[in-house]
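If you want the building blocks of each chain, they are given just below.
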Amino acid sequence: MALFQKATEQFAKGLSRTREKFVGSLKSILSGKSIDDNLLDDLEAKLIEADVGVSSAVRICDDLREARNDGRIEKGDDVLAFLKKEIKKYWPESDRSVHFSDKPPTVIIVAGINGAGKTTSIAKLAYLFKQQGKKVCLAAADTFRAAAVEQLTVWANRLDVDIIKGSGSDPAAVVYDACDAAIARNADVLLVDTAGRLHTQDNLMRELIKIRDVVAKKIPGAPHEVIQVLDATTGQNAINQAKAFQKAIDVTGIFLAKLDGTAKGGVVIAIRNEVNIPVKFVGLGEGYEDIEPFDPETFVEALFAEQASPPAESKAARTLQQRYGSEASSAKTDASAADAPADQPQSPAGSAISSRILTWAVRATLLCLILAAAAWAITNWPALSDWFDKITTDVK
């Protein structure tokens, strides 16, 4: 139970932006309303905006319409509880675990487009498997992108796992050597990094197929998993990517990355309804430990979780902000920073207020100098006038 709660809290934290857009927008149109066709049309539009997908939005609203006609729900305030219950049913019991080989190594090819977060996701998978007591090897087969091998090497060093790198530019040759090395080193898991590619680049997609075929020849039953990394921030475009990669290399699971950095987390529902590929992992942060196995119930609970009340200090800061503007709020933060122990770094807000004070001090000093000069000129005006006349006469 404690483990489930921890996972839910992690999901809730990562889904904060999605929850704000998804649940927040629904509450705004449902609260105190009766459920009629106009309301359901508005709800469908909100669901599409949240990247749930057109077919998923239509399905949800059809379920709501049926529930209204059956008398299971009567008013807008009943909808969220109904949705929470119904969306959980969209994921039937299925195997979302990794299929480990009975005879190691288990080979997992990781694919995705450029910028999806593929290399970082590989590091997260390596961390997760290592935490499970498995020996992990990485194959640096992304020879297409500059610095890709170096980036993966940095992750390998941080995680203290082996990495196999090739001397040439042929990714299939790197994978060939990596399979031999993984067997020789008694590795439990071989994670194969591949070049990022658009699903429209036929030549690179064919190269991915070649890598898959090399692995299959070297290790019986391999690849045991083909994980596609999808960037959650791309919303519906991720669906098109999943369909294209599935057609080329038989994707067995999805790693949904950057779920914490988007308000488009509703794409998880769209993936379930439009692509018959299980989401196996989600990335909920930038660290290699920010990975969670995907669990539908945990996801839905986090999506509909009530946001905790802000701490008293935050409320006070907001009150200052409203009454006196940003300067007062910054000053309060700076005062708190001044009371902190000397070995603690000052907050950004404290640094900002100190910078502003210095700027105003310089301006005040310059103003004082100008005023002093003006006062001296007024006091000594007769002498200055005579001096000016003398200079004018000498010039003439």
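Preceding this paragraph is the structure being described.
Student: Account for the nonpolar core, with residues named and values stated.
Tutor: One finds Phe22, Leu138, Leu191 and Leu256 to be the most contacted residues of the largest nonpolar core, which totals 86 residues. The contact partners of Leu191, leaving out residues within four places of it in the chain, are Ile108, Val110, Ile122, Leu125, Ala126, Phe129, Val136, Cys137, Leu138 and Ala139. In this structure, Cys137, Ile164, Ala172 and Val192 belong to the second largest nonpolar core, which totals 21 residues.

Student: A description of the packing of aromatic side chains should follow, citing residues and the corresponding values.
Tutor: Here the structure, examined in full by the defined rule, presents seven aromatic pairs. Considering the side-chain rings of Tyr127 and Tyr288, the 5.1 Å spacing of their centres and the 50 degrees angle between planes classify their relative orientation as tilted. Taken as a pair, Tyr127 in helix 6 (residues 118–131) and Tyr288 in the loop between strand 7 (279–283) and strand 8 (291–293) lie far apart in primary sequence, 161 residues in all. Classification of Tyr288 as partly exposed rests on a relative accessible area of 27%. Measuring from centroid to centroid gives 5.7 Å for Phe294 and Phe299, while their planes differ by 50 degrees, and the two rings are tilted. Connected via pairs of aromatic rings, a cluster forms that spans Trp91, Phe294 and Phe299. Stacked on the ring of Phe100, the Lys or Arg Lys134 has its end atom at 4.3 Å from the ring centre.

Student: I'd love a proper account of the sheet that holds strand 7, names of residues and values included.
Tutor: One open sheet holds the eight strands; their spatial order is 3-2-4-1-5-6-7-8, and the pairing between them is mixed. On the outer flanks of this sheet lie strand 3 (162–164) and strand 8, each paired with one strand and no other. Within the sheet, the average angular offset between the axes of one strand and its neighbour, ignoring direction, is 25 degrees. Relative to strand 4 (residues 189–194), strand 2 (residues 136–141) runs parallel, the two being bridged by six bridges. Note that in strand 4 the partner of Cys137 across the bridge is Leu190.

Student: Before we move on, could you go through the packing of helix 8 (residues 171–184) against helix 9 (residues 202–218) and cite the residues and values that matter?
Tutor: At a closest axis distance of 9 Å, the pairing of helix 8 and helix 9 adopts a crossing angle of 25 degrees. Classified by the angle between their axes, helix 8 and helix 9 sit roughly parallel to one another. Between helix 8 and helix 9 the crossing geometry is right-handed. Together, Pro171, Ala172, Val175, Tyr176, Cys179 and Asp180 of helix 8 and Glu207, Lys210, Ile211, Val214, Val215 and Lys218 of helix 9 make up the contact between the two elements. Of the residues in the contact of helix 8 with helix 9, the class split is eight nonpolar, no polar and four charged.

So, how was this worked out
Residues numbered from 1 in each chain as written. Predicted model: local features only at pLDDT ≥ 70, side-chain atom pairs only at ≥ 80, totals over all residues. Heavy atoms only, no water. Core = buried A, V, L, I, M, F, W, Y, C linked by side-chain atoms within 4.5 Å. Buried < 20%, exposed > 50% of the residue type's maximum accessible area, 1.4 Å probe, protein only. Contact = heavy atoms within 4.5 Å. Phe/Tyr/Trp six-rings, centres within 6.5 Å; stacked < 30°, edge-to-face > 60°. Helix = DSSP H or I, 4+ residues; strand = E, 2+ residues; numbered from the N terminus. Lys NZ or Arg CZ within 6 Å of the ring centre and 35° of its normal. Pairing = 2+ DSSP bridges. Axes fitted to C-alpha atoms, helices over the stretch in contact; angles between N-to-C directions. Parallel < 35°, antiparallel > 145°, perpendicular 65-115°, else oblique. Left-handed = near helix turned anticlockwise from the far one by under 90°. Nonpolar A, V, L, I, M, F, W, Y, C, P; charged D, E, K, R; others polar.

In short, geometric facts, not functional conclusions.
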